[in-house]
Amino acid sequence: MLRAAFLVDDAPQAGLGHVMRSINLAVELASMGTEVYFFNSSDGVVPEVVGERFPKIRLPESDSVEKMGQAACNICKKMEVDILLIDTYKVNRAFFDVLAESGALLAYIDDLNAFAYPVHFLINGNITGDDYRYEPGEPNEIFLTGLEYNLIRSEFRDIAPRTIRQVVKDIMITTGGTDPLDVVPEFCEEVLRNDDFQDIRVHVIVGGRFQNKAELKALEQRDKRIILYENVQFISKVMLQADIAVSSSGSTLYELAACGTPTIGFVIAENQLAIAEKMGNKGYIENFGWLDRSKISTLTECISKLACDVGRRTEMSARTQSMVDGKGANRVARMILDRATKKD
């Protein structure tokens, strides 16, 4: 049995994107008979997010990426790890050189193209993945880029074509695992006092690291139009119920696309900007751009405009639902395992 380990950025301030897409790939690897482990830092989110699905290995404290890499390398050698998958922006050439000493097949999940990564597999399943002119950092490096290799979870496979309702009754908002700019409560308040939304329910995805849960729960108790979801097992059900989604421009955009949910995407982190711009330019989403609390009223105006345009919503739904098929993680897992079995 092959053994794989994931080294991801699980710091609270990094959000949950790195961890979640790594979990999706880990699930596929495990389904193919691979033994999977996750490294975690002392204050990281891996233990609570990964839960009991995979064993966790705590890394010792380190004050540099090279030392972190050395610690992971030593553990990989001891455990005889065959595949090491990395998903963190905190990398440099020396970090990868250290990890190479483990003898494991190295796979790096990237968004930035910061330099030529010396790995066996480079994975970028974003809509912008094919735009990067990646230079190989390793002989025979394999590049898995573009939406064919997008790492959304398997629940988004084979979703039936969406039927768009004439009248909008449900909208959903999600900022991912965190709400770093505290925009969600303000959004809910704006909806509740806006006459355009009198008959509309607001489905709020509450991330595990939200610091404003008490405020949101008070809003839910105050008005039945606010509906909160925590620890959602099948988020596709909420997405399929929503007539319009309002979402940060990370991996959730691809999940909404698979569901055919017309979406207004906003940016709350630098690494979301290029994705939002490209998806907006292609007509997949309405790109709101950077969002903060001062722009909430403008955001609700955009929702009202889209709600009144059933033709635009129908077009968006049909276009996005053909964009991703939910099988990217399976493709990546198969290609990595195929090379791993031939490594020796």
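The following refers to the structure shown. Given the structure is predicted, the values throughout are model-derived calculations rather than measurements.

**Regarding the overall build of the chain**
- A count of helices and strands for the chain gives 12 helices and 13 strands.
- Over its C-alpha atoms, taken along the principal directions, the chain stretches across nearly 65 × 40 × 35 Å.
- Classification of the 344 residues of the chain by burial places 56% in the buried group.
- A separation of at least 24 residues holds for 63% of the contacts in the chain among residues at least 6 apart in sequence.

**Describing the side chain of Thr261**
- In this structure, Thr261 sits in the loop between helix H8 (252–259) and strand S12 (263–267).
- In this structure, Thr261 is in contact with Arg162, Met239, Leu240, Ala242, Ile244, Ala245 and Leu256, ignoring residues within four places of it in sequence.

**Here we look at the environment of Glu215**
- As for its placement among the helices and strands, Glu215 is situated in helix H6 (residues 213–222).
- Classification of Glu215 by relative accessible area gives partly exposed; the value is 40%.
- Spatially, the C-alpha atoms of Glu215 and Val184 are 9.8 Å apart, while their sequence positions differ by 31 residues.

**A look at unusual backbone geometry**
- At Glu80, a residue that is not glycine, the phi angle is positive and equals roughly 60 degrees.
- By the element assignment, Glu80 lies in the loop between helix H3 (65–79) and strand S4 (83–87).
- Here Glu80 falls in the exposed class, since its relative accessible area comes to 61%.
- Positive phi, close to 55 degrees, is recorded for Asp182, a residue that is not glycine.
- Classification of Asp182 as partly exposed rests on a relative accessible area of 27%.

**Comments concerning the pattern of salt bridges**
- A complete count under the given rule lists 27 salt bridges for this structure.
- Residues Arg3 and Glu35 are paired through a salt bridge, measuring 3.5 Å at the closest nitrogen-oxygen approach. Of this pair, Arg3 sits in strand S1 (residues 3–8) while Glu35 sits in strand S2 (residues 35–40); the two residues are 32 residues apart in sequence, bridging distant segments of the chain.
- Residue classification places Arg3 among the partly exposed residues on the basis of a relative accessible area of 23%.
- Ionic pairing is found between Asp325 and Arg331, a salt bridge with its closest N-O pair at 2.4 Å.
- Overlapping salt bridges, with partners in common, bring together Asp182, Glu186, Glu190, Arg193 and Arg293 in one network.

**What about the pairing of S4?**
- With five of five residues buried, S4 is to be regarded as a mostly interior element.
- On S4, burial covers both faces: Ile83, Leu85 and Asp87 on one face and Leu84 and Ile86 on the other are all buried.
- Two elements, S4 and strand S5 (residues 105–109), share four bridges in a ladder whose sense is parallel. Counted as the bridge partner of Ile83 is Leu105 from S5.
- Chirality of the crossover, the property in question, places the unit of S4, helix H4 (residues 93–100) and S5 among those that are right-handed.

**A look at the packing of aromatic side chains**
- Per the counting criterion, the structure on display carries 10 aromatic pairs.
- Among the aromatic residues, ring-to-ring pairing joins Phe95, Phe96, Tyr108, Phe115 and Tyr117 into one connected group.
- Arg339 extends its terminal NZ or CZ atom over the ring of Phe121, reaching a point 5.7 Å from the ring centre.

**Points about the side chain of Asn124**
- Considering the arrangement of structural elements, one finds Asn124 in strand S6 (residues 121–124).
- With relative accessibility at 0%, the residue Asn124 sits in the buried group.
- Here the side chain of Asn124 touches Asn126 through a polar contact of 3.0 Å, landing on its backbone nitrogen.
- When residues no more than four places from it in sequence are discounted, the contact partners of Asn124 are Asp110, Asp111, Gly129, Tyr132, Tyr134, Leu144, Thr145 and Gly146.

**A look at the packing of helix H5 (residues 184–192) against H6**
- Interhelical geometry of H5 versus H6 gives an angle of 20 degrees and a closest axis separation of 9 Å. Taken as axis vectors, H5 and H6 run roughly parallel relative to one another. The two elements H5 and H6 meet at a crossing, and its hand is left-handed. Of the residues in H6, those touching H5 at Val184, Pro185, Cys188, Glu189 and Leu192 are Glu215, Leu216, Leu219 and Arg222.
- Considering only residue class, the contact of H5 with H6 consists of six nonpolar, no polar and three charged.

Conventions and cut-offs
- Residue positions are counted from 1 within each chain, in the order its sequence is given.
- With the structure being a predicted model, the display of local features is reserved for residues of pLDDT at least 70 and the display and counting of side-chain atom pairs for 80 or more, all residues being used for whole-chain, interface and lining totals.
- Remark: hydrogens and water are excluded; side-chain values derive from all non-hydrogen atoms of the structure.
- Where helices and strands are cited, they refer to DSSP runs of H or I of at least four residues and of E of at least two residues respectively, numbered from the N terminus.
- Note on classification: 1.4 Å probe, protein chains only; a residue is buried when its accessible area is under 20% of the maximum for its type, exposed when over 50%, partly exposed between these limits.
- Here a residue-residue contact requires only that any non-hydrogen atoms of the pair lie within 4.5 Å.
- The salt bridge definition used is simple: a Lys or Arg side-chain nitrogen within 4 Å of an Asp or Glu carboxyl oxygen.
- When DSSP finds at least two bridges between two strands, those strands are taken to pair.
- Orienting the strands away from the viewer, one traces the path from the first strand over the helix to the second; a clockwise path indicates a right-handed crossover.
- Any two rings among Phe, Tyr and Trp, with Trp reduced to its six-membered ring, count as a pair given centres within 6.5 Å; such a pair is stacked if its planes are under 30 degrees apart, edge-to-face if over 60, and tilted if neither.
- To sit over a ring, a charge needs its Lys NZ or Arg CZ within 6 Å of the ring centre and within 35 degrees of the ring normal.
- Whenever a nitrogen or oxygen atom comes within 3.5 Å of another N or O atom, the pair is scored as a polar contact, on the condition that within protein one atom can donate a hydrogen and the other can accept it, and that pairs from neighbouring residues in sequence are kept only if both atoms are in side chains.
- In this analysis, axes come from line fits to C-alpha atoms, helices being fitted only over the stretch in contact, and the angle between any two N-to-C directions falls in the range 0 to 180 degrees.
- For this classification, under 35 degrees means roughly parallel, over 145 means roughly antiparallel, 65 to 115 means roughly perpendicular, and everything else is oblique.
- Each crossing gets its handedness from the near helix: less than a right angle anticlockwise from the far helix is left-handed, clockwise is right-handed.
- Charged residues are taken to be Asp, Glu, Lys and Arg, nonpolar residues to be Ala, Val, Leu, Ile, Met, Phe, Trp, Tyr, Cys and Pro, and polar residues to be all remaining types, Gly included.

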